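Read off the chains here:
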Amino acid sequence: MIVGEASGDLHASRLMMSLQREDAEAQFRFFGGDHMAAVGGERVRHYKELAYMGFVPVLLHLPTILKNMKICKEDIVRWQPDVVILVDYPGFNLNIAKFLKKNTKIPVYYYISPKIWAWKEWRIKRIRRDVTKLFSILPFEVDFFEKKHHYPIRYVGNPTVEEVAHFQQQYLDSFESFVQKQNQQKATISKDSVLAAPLTHKPIIALLAGSRKQEIKDNLPAMIEAARHFEDYQLVLAGAPSIEDSYYEKFLKGTRVRIIKNQTYALLSHSTVALVTSGTATLETALFNVPQVVCYETPLPLLTRFAFNHFINVKYISLVNLIANREVVQELLADRFKVMNIANELYRLLPGKDAREEMLRGYAEMRRRLGTSIAPDEAAKLMVAFLH
């Protein structure tokens, strides 16, 4: 199994557990993270050694990426698994699929299909040629792959639905106990750290600024500037596990933003509204029924807007809107990414506002479209059946 980022690590670990239930003798070897390692098997490389995003970071780390790709290919050939399961991360994984198709008879299953409906649609040729079975977690992908490109796929449900539901069943903390626990943890931290600022009992505006440094640098300052006007609320940032505390320091110093790390679901459980950088976090926020504004800063905003209107194949960037097939949440990207726009939309979503209730109705519609299948269980059943 091969993943390239934190969300893939979580999804793959759930799939591994489901595969173990289907086949008690299943053995795993993987490029992955801590969640996968906790399930079992042998990790060859941590995904942090693979995860580079954007042209410049990829170029700067190209020797490392190529080295890891070579190690990955050689390791697969040496181990000779019954199947290679790729999880998202298409830039790396489609290269692996191409190699396996050309040089081996090992089948390739792709769990969480590449988002070629948004860009790089030409990759359908590589998928058709190199991928044995494709498993989708987004219902609208079925029409794209099967009707438009005549390539059969399986929609297995969305794993985030199950992950959020599982958390909600286990998590029982009240708002008061959440604040108390966070502050007890913060009491052990150096007072000079940005992590030390205690939470208060004010309602929360959650800031989900992404899991990569570039995303955080681009989006967090504007999020803070927009949200700081809401003095009846406390601003709480969901810290990404892969980002060191010192990186957050320069953005949070001198602000009233609190930060908690590795507890995004707990934070969303107690948040009134959220500012979210596009990605899986938009779907997670919706599943927690937290009204949100999607904020995504881009370089050359006018050019980006032109490209979005004329060359990019989708109407929306957030999973919430893509699944609902309408604008449930406001997407402030490119030329719409302005502090005043973010603040105005945030105000419209506060308790008692009509836009808040309208968004919650949109969330309910989105959940119906996602269905009730437990994605890793459904995928595991199909994978084991196909292998037999």
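In case you missed it, the structure is sitting above this.
Here we summarise the structure given alongside this text. (Residues numbered from 1 in each chain as written. Predicted model: local features only at pLDDT ≥ 70, side-chain atom pairs only at ≥ 80, totals over all residues. Heavy atoms only, no water.)

1. Topic: the pattern of salt bridges
Summed over all chains, the structure comprises 22 salt bridges. Among the ionic pairs, Arg129 bridges to Asp130, the shortest N-O distance being 2.7 Å. By relative accessible area, which is 42% here, Arg129 ends up partly exposed. Between Asp143 and Lys147 there is a salt bridge; the shortest N-O distance is 3.7 Å. Of the two residues, Asp143 and Lys147 are both situated in helix α7 (residues 141-148); the distance of four residues between them amounts to about one turn of the helix. Its relative accessible area of 62% is what places Lys147 among the exposed residues. One salt-bridge network, held together by shared partners, links Arg326, Glu358, Arg361, Glu365 and Arg369. (Salt bridge = Lys/Arg side-chain N within 4 Å of Asp/Glu carboxyl O. Buried < 20%, exposed > 50% of the residue type's maximum accessible area, 1.4 Å probe, protein only. Helix = DSSP H or I, 4+ residues; strand = E, 2+ residues; numbered from the N terminus.)

2. So, the nonpolar core
When a protein is soluble and globular, its nonpolar side chains tend to lie buried together. With 128 residues, the main nonpolar core has Ile85, Tyr111, Leu207 and Leu252 as its most contacted residues. Ranked by the residues each element gives to this core, the list is headed by helix α10 (residues 213-227), at seven residues. Filtering out sequence-adjacent residues up to four positions away, Leu207 remains in contact with Leu220, Met223, Ile224, Ala227, Leu235, Val236, Leu237, Ala238, Val257 and Leu275. (Core = buried A, V, L, I, M, F, W, Y, C linked by side-chain atoms within 4.5 Å. Contact = heavy atoms within 4.5 Å.)

3. Brief notes about the sheet that holds strand β10 (residues 271-276)
Here six strands make up an open sheet; going across it, the order is β9-β8-β7-β10-β11-β12 and the pairing parallel. Two strands bound the open sheet, and with one partner strand each, they are β9 (257-261) and β12 (330-333). Within the sheet, the average angular offset between the axes of one strand and its neighbour, ignoring direction, is 25°. In this sheet, β9 lies alongside strand β8 (residues 234-239) in parallel orientation, the contact comprising five bridges. Directly across from Val236, in β9, lies its bridge partner Arg258. (Pairing = 2+ DSSP bridges. Axes fitted to C-alpha atoms, helices over the stretch in contact; angles between N-to-C directions.)

4. Here we look at the environment of Ala226
Position of Ala226 among the secondary structure elements: in helix α10. Linking Ala226 and Val294, residues 68 residues apart in sequence, is a C-alpha distance of 13 Å. Those residues in contact with Ala226 that sit more than four places away from it in its chain are Val339, Ile342 and Ala343.

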